[in-house]
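# Observations on the three-dimensional arrangement
Here is what each chain is made of, one letter per residue.
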Protein chains: 2
Amino acid sequence: MEVTRRDLLKGSAALIVAASTGRAVSAADDPLPSWNEGSSKKTILDFVQRTTTRGSADFVSVEQRIATFDQDGTLWVEHPMYTQVVYCLERVPAVVKAKPELANVEPFQTVLTGNREAIAKLPVPDLLKVLAATLTGMSVDQFEAETNKWLDEARDPRWKRKFTDLTYAPMLEVLTFMRTKGYKTYIVTGGGQDFVRQYAEKTYGIPVEQVVGTAGGTTFGYDKTGKPFLTKDPKLLLNDNNAGKPEGIHMMIGRRPFAAFGNSTGDRQMLEYAKAGKGERLAMLLLHDDAEREYAYGPAQGLPDSRIGTFTQALYDEAKSKGWVVISMKNDWKRVLS
Amino acid sequence: MEVTRRDLLKGSAALIVAASTGRAVSAADDPLPSWNEGSSKKTILDFVQRTTTRGSADFVSVEQRIATFDQDGTLWVEHPMYTQVVYCLERVPAVVKAKPELANVEPFQTVLTGNREAIAKLPVPDLLKVLAATLTGMSVDQFEAETNKWLDEARDPRWKRKFTDLTYAPMLEVLTFMRTKGYKTYIVTGGGQDFVRQYAEKTYGIPVEQVVGTAGGTTFGYDKTGKPFLTKDPKLLLNDNNAGKPEGIHMMIGRRPFAAFGNSTGDRQMLEYAKAGKGERLAMLLLHDDAEREYAYGPAQGLPDSRIGTFTQALYDEAKSKGWVVISMKNDWKRVLS
C-alpha cells in the first residue's frame, strides 16, 4: 500500500479503527510504517500504549496529553540553511527596492550579491538585521500574503521540491498516531511563530494556535478608514530556543509536555523539562546520520557547524544517561522524506 | 428543571441531542434558559446558527470558530474589587512574614492595617508593588499550590461563597452552547494568565491552554538536585488590556475571533478587532445595571470608578454605532449567578 501525504496526516482508516476499537495494532495496521523495527519505534508505541490505556499505571488523562515537537531538523529538513532564513535572504531585493538607500549598506549589500559563501560568513548581528528588515514592519496580513506566495513558488535546490514537502514521513506518522490517541501535538520551534503558522495546518495537521515559536510583538492600530490592524514589531517577546522553550511552553500552553522531540542543543531544556514531570515521559532526539538520503552533520559527523543547532557529544551523553531515545535516521527510518 | 453548574458546563443532554441531530431548538431544549427572550438572546442564537450551519452564507469552518471572553465582569463578578487583587492583598501577611523588613515599608504597611479605605486609595504604582511581591519570585509549582489553597478557602463577603462560584449562569450557558456548536472558547483577560489558569477548567470548562491573560516571564533553572523548574519573574511579557488584547490574541491564538464578549473599555480593541474581520462577527458588551441581583456601576450609574474597567458613554456610543450588542444584566438575564 502506497502511503500518501494525506494518509500520513489524516491517519489511515486502519489506524482509526484500531484506535476506536482498542484492539492491539497488528502488522497490517502498523501506525508507524516508515519506521524500521527496533527500540526507537518500540519506545514510541509502548509509551503511547501505556499512557493512553485506561487502567494502566501510567495512564494520562486526555486533557494532559501534550506532545511538543521542535520543527527544523526534527519535522523537516534544516540543512544547509533554515528555510525561514532562505526566505529572509530572498526577500532582501524587495526590501531594498522599497528602501533604495539600503543597497549600499551592509549586510544588504552582501546579500544582494548572491554570493553564498560571503552570505554564510555574515556575523550574527548582521543576520539579525536581515531578519528584522524582512519579518517586521509590515501588517500581519501583508506578511501572510508574502510568505504564502514564497512558500508556493520557492523550491529546495537539492530535491527541486517545495520546502513544505521536505517533511519527514516517519515524524508525520508519529504526529498522526499520537493525535489519534488523544495527544494534542504542538510545534515548539526556534523559528518564527508567525512564519511557521502559515503552513503548519496543511503541512503537519497542526492548527496555528498549537504553534509556539520565536515571536516578536505586534502593535494594534487603525488604517485611514478606521479599520483596525496589527503591525509586526522588531521587539522580541519570546526567544524560543534553549531555556526559552520550556519558558515558551509555560507561557503558551501552561502544561508540561508528556512527550518532547528535538534534534539539537536548542531542544535540551525542553526535553529536560518534559522528563522532569511526574509519571511516564518520553524524550527523543533525532540524529542526522544519513548522508545519502538526507544529511549527516554536527561535530560528530566532522561537518562544520553551519549556524544550525548542533547535536553535540555532551547532548548525546546527557541523552544516554537520562534515558532519552536517540533516533538514528539511517537505521531507524525505512523512508525519510514524505 | 433545576439547572446545575454541571449542566451549565457540560451541556445538557437535550442540548447535545439538538446539536447532533441538527433540529431546531425548541423551548424544551433551550440552550440559553437563563436568558430572557429578547434581542440579546436572539442575536446569540442567530449568530451561532448562521455561522455553524453548512450551506449558510455565513458558515465558518470548525477550525476558525474562535470565541473570546473577557473574564472579570464578563464571566464572573468583578465588583467591588478584582478577585486576583483580593488574593494579592491577602497574601501580603505571608510575604511580610518571609521578609520582615517589608513591614514598615509602603505599601505593605498600609495593606497590613487591613484598613479598606486606605487600601482603596493606594496609588497604582504601589498596587503594582503588591502584585509583584505576591505573584512573582516563586516557582510555578509553589504559586499553583498557594493560589489553589486560597481559592478553596476564601469567601466573597457579600455572598459568603467561593469566588469561583460567582460566575454568571447566562454566560456559562453561552460558553457551553458555543462549544457544543464547535466553537473553541478562550478567556482573554486583563487578569493574570497563571492565576486564571488555576481554575479555568473547573469553573468554565476552558482548558489552561485557552486562557490568554496578562503574563510575566518565567526563568528556567535547576534545583540543588539538578531538577529543572520555572520561576515566575516580575518582567511583563503581555499586558492583556486594551490594545494588548488583540495583540495577545495574535500572539497566543493566531486567529481573529468570530465572537468577542467584554464589559469595559479594556475590551474595546478586542471587539473592534473581532468585528473588523470578514463575514459575520459577533461583539457583545455586558452592562452592569442590576444593583439588586449584582451591582450597578460605571459613570453611567453614578458610582465612582473603583479601579475597575468602566463602561463609559463613549463605549456605549461606539457599541450602538457599530452594531455591537449591549447586554442588560437587569433585563436580559432571568438568573444572574450560577
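Residues numbered from 1 in each chain as written. Chains lettered and ligands numbered in written order. Predicted model: local features only at pLDDT ≥ 70, side-chain atom pairs only at ≥ 80, totals over all residues. Heavy atoms only, no water.

## With respect to the overall build of chain A
- Within chain A, the regular secondary structure consists of 15 helices and seven strands.
- Burial analysis of chain A (338 residues in total) assigns 54% to the buried set.
- Intrachain contacts of chain A at a sequence separation of at least 6 include 67% that bridge at least 24 residues.
- Carbon together with sulfur atoms contributes 54% to the accessible area of chain A, which is approximately 14700 Å² in total. (Helix = DSSP H or I, 4+ residues; strand = E, 2+ residues; numbered from the N terminus. Buried < 20%, exposed > 50% of the residue type's maximum accessible area, 1.4 Å probe, protein only. Contact = heavy atoms within 4.5 Å. Areas by Shrake-Rupley, 256 points an atom, 1.4 Å probe, with all protein chains shown as cover.)

## Looking at the relation of the copies chain A and chain B
- For the pair chain A and chain B, the superposition axis carries a translation of 0.0 Å, the fit reaches an RMSD of 0.0 Å, and the rotation angle comes to 180 degrees. Accordingly, the operation relating the two chain copies is best matched by a two-fold axis.
- The fraction of interface residues of chain A whose copies in chain B are also interface residues reaches 100%, indicating that both copies meet through the same surface. (Least-squares fit on C-alpha atoms with pLDDT ≥ 70 in both.)

## Some points on the nonpolar core
- Formed by 64 residues in total, the largest nonpolar core has its most connected members in Phe69(B), Tyr168(B), Met178(B), Tyr204(B), Phe261(B) and Trp333(B).
- The leading source of residues in this core is helix α4 (residues 83–98) of chain B, at eight residues. (Core = buried A, V, L, I, M, F, W, Y, C linked by side-chain atoms within 4.5 Å.)

## Things to note about the environment of Asn331(B)
- Structurally, the position occupied by Asn331(B) is in helix α15 (residues 329–332).
- The sequence separation of Asn331(B) and Phe258(B) amounts to 73 residues, and the corresponding C-alpha distance is 25 Å.

## Topic: the interface of chain A and chain B
- Counting from both sides, the interface comprises 37 residues of chain A and, opposite them, 37 residues of chain B.
- Roughly 3200 Å² is buried in total at the junction of chain A and chain B, and carbon and sulfur atoms are behind 56% of that figure.
- At the boundary of chain A and chain B, one finds six salt bridges.
- Among the salt bridges present, the one from Arg255(A) reaches Glu209(B), with a minimum N-O distance of 2.8 Å.
- Here the residues of the side of chain A that touches chain B are counted per class, giving 18 nonpolar, seven polar and twelve charged. (Buried area = accessible area lost by both parts, 1.4 Å probe. Salt bridge = Lys/Arg side-chain N within 4 Å of Asp/Glu carboxyl O. Nonpolar A, V, L, I, M, F, W, Y, C, P; charged D, E, K, R; others polar.)

## Looking at the pairing of strand β3 (residues 211–222) of chain A
Residues and elements named next belong to chain A.
- For β3, the buried fraction is high: nine of the twelve residues fall into the buried class.
- When strand β2 (residues 184–192) meets β3, the two strands line up parallel, connected through four bridges. Each bridged residue has a counterpart across the sheet, and for Thr 189 the counterpart in β3 is Gly 213.
- Examined bridge by bridge, β3 and strand β4 (residues 228–238) share seven bridges and lie antiparallel to one another. Counted as the bridge partner of Gly 221 is Phe 229 from β4.
- Connecting β3 to the next strand, β4, in antiparallel fashion are five residues, including Gly 226 with a positive phi near 90 degrees. (Pairing = 2+ DSSP bridges.)

## Describing the packing of helix α12 (residues 244–252) of chain A against helix α13 (residues 268–275) of chain A
Residues and elements named next belong to chain A.
- α13 packs onto α12 with a crossing angle of 55 degrees between their chain directions and a minimal axis gap of 7 Å. In terms of orientation, α12 and α13 fall into the oblique class. Contacts between α12 and α13 involve Lys 245, Pro 246 and Ile 249 on the former and, on the latter, Gln 269, Met 270 and Tyr 273.
- Among the residues making up the contact of α12 with α13, the classes are represented as four nonpolar, one polar and one charged. (Axes fitted to C-alpha atoms, helices over the stretch in contact; angles between N-to-C directions. Parallel < 35°, antiparallel > 145°, perpendicular 65-115°, else oblique.)

## Side note on the pattern of salt bridges
- One pass over the full model with this rule turns up 40 salt bridges over all chains.
- Across the pair Asp58(A) and Arg50(A) runs a salt bridge, and its minimum N-O distance is 3.1 Å.
- Between Glu272(A) and Arg268(A) there is a salt bridge; the shortest N-O distance is 3.0 Å. Residue Glu272(A) and its partner Arg268(A) are both found in helix α13; the two are separated by four residues, about one turn of the helix.
- Sharing partners across several salt bridges, the network here consists of Lys184(A), Arg255(A), Glu201(B) and Glu209(B).

## Regarding helix α3 (residues 39–52) of chain B
All names here are of chain B.
- In this model α3 runs 20 Å from its N-terminal to its C-terminal C-alpha over 14 residues, within 8% of the 20 Å that 1.5 Å per residue would give.
- Within the sequence span of α3, burial applies to Ser 40, Lys 41, Ile 44, Phe 47, Val 48, Thr 51 and Thr 52. Looking down the long axis of α3, one finds its buried residues gathered within 135 degrees of arc, a one-sided arrangement.
- Where the residues of α3 are buried, they touch α9 (169–180), β5 (259–262), β6 (282–287), β7 (325–328) and α15. (Expected span 1.5 Å × (residues − 1). Arc of directions from axis to C-beta.)

## Thoughts on the packing of aromatic side chains
- Tallying each qualifying case throughout the model produces 25 aromatic pairs over all chains.
- Relative to Tyr295(B), the ring of Trp159(B) has its centre 6.0 Å away and its plane inclined at 85 degrees; by these criteria the two rings are edge-to-face. Separated by 136 residues along the polypeptide, Trp159(B) in the loop between α8 (140–153) and α9 and Tyr295(B) in the loop between β6 and α14 (313–322) bring together distant segments of the chain. Pair check on accessibility: Trp159(B) and Tyr295(B) agree, each one buried.
- Taken together, the aromatic side chains of Trp76(A), Tyr87(A), Trp150(A), Phe163(A), Phe195(A), Tyr199(A) and Tyr204(A) make up a single cluster linked through ring pairs.
- Across the ring face of Phe143(A), the terminal group of Lys232(A) is positioned such that the distance to the ring centre comes to 4.6 Å.
- Of note, Arg281(A) hangs over the ring of Phe258(A), and the distance from its end group to the ring centre comes to 3.6 Å. (Phe/Tyr/Trp six-rings, centres within 6.5 Å; stacked < 30°, edge-to-face > 60°. Lys NZ or Arg CZ within 6 Å of the ring centre and 35° of its normal.)

As far as function goes, none of this settles anything; it's purely spatial.
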